[in-house]
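Working through the structure, step by step
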Amino acid sequence: MIWNNSFRVQYKRLESEKKITDRDRKNLFEELQKAEKRIPELEKYKDFVSLLVEYAPDKLEEAKRAANERKNAPKLPNKIRSNGNYKF
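Report follows, based on the coordinates.

A word on the overall build of the protein. A tally of helices and strands in the protein yields two helices and zero strands. Buried residues in the protein amount to 2% of all 88 residues. For the protein, the exposed surface amounts to about 9,100 Å²; the carbon and sulfur share of it is 58%.

Right under this line is the structure:
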């Protein structure tokens, strides 16, 4: 009887581990599919940036600087932001 119970406990543990592994495998496969779908888009961006580096490096630096300034600019608190629907 003790052996039987021990096997049941071990079986439940292994079953639980298998479910977790299967879920992880599924999530990993979905992430891989998403990444593969983005490859053409990323190739297009790579080609565009390569073109800028070759023919307009000054404009690329200017764009980087502008992007960093916008990224680092202080943000308004959420309470102040509005979608333009003012109610008085």
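Right, picking up where we left off after that structure.
Now for a nonpolar patch on the surface. Taken together, the side chains of F48, V49 and V53 present a nonpolar region at the surface, about 270 Å² in accessible area. For V49, the position within the fold is in helix α1 (residues 2-55). Given a relative accessible area of 38%, V49 falls into the partly exposed group.

Let's shift gears to the pattern of salt bridges. Applying the stated criterion across every chain, the model contains nine salt bridges. Salt bridges sharing partners connect three or more residues here, namely K18, D22 and R25.

To continue, consider the environment of D22. In this fold, D22 is placed in helix α1. Of note is the side chain of D22, whose polar atom sits 3.3 Å from the side chain of R25.

About the cut-offs
Residues numbered from 1 in each chain as written. Predicted model: local features only at pLDDT ≥ 70, side-chain atom pairs only at ≥ 80, totals over all residues. Heavy atoms only, no water. Helix = DSSP H or I, 4+ residues; strand = E, 2+ residues; numbered from the N terminus. Buried < 20%, exposed > 50% of the residue type's maximum accessible area, 1.4 Å probe, protein only. Areas by Shrake-Rupley, 256 points an atom, 1.4 Å probe, with all protein chains shown as cover. Patch = residues over 30% accessible without salt bridge, like charges linked within 9 Å, V, L, I, M, F, W, Y side chains within 5 Å. Salt bridge = Lys/Arg side-chain N within 4 Å of Asp/Glu carboxyl O. Polar contact = N/O pair within 3.5 Å; in protein donor to acceptor, adjacent residues only side chain to side chain.

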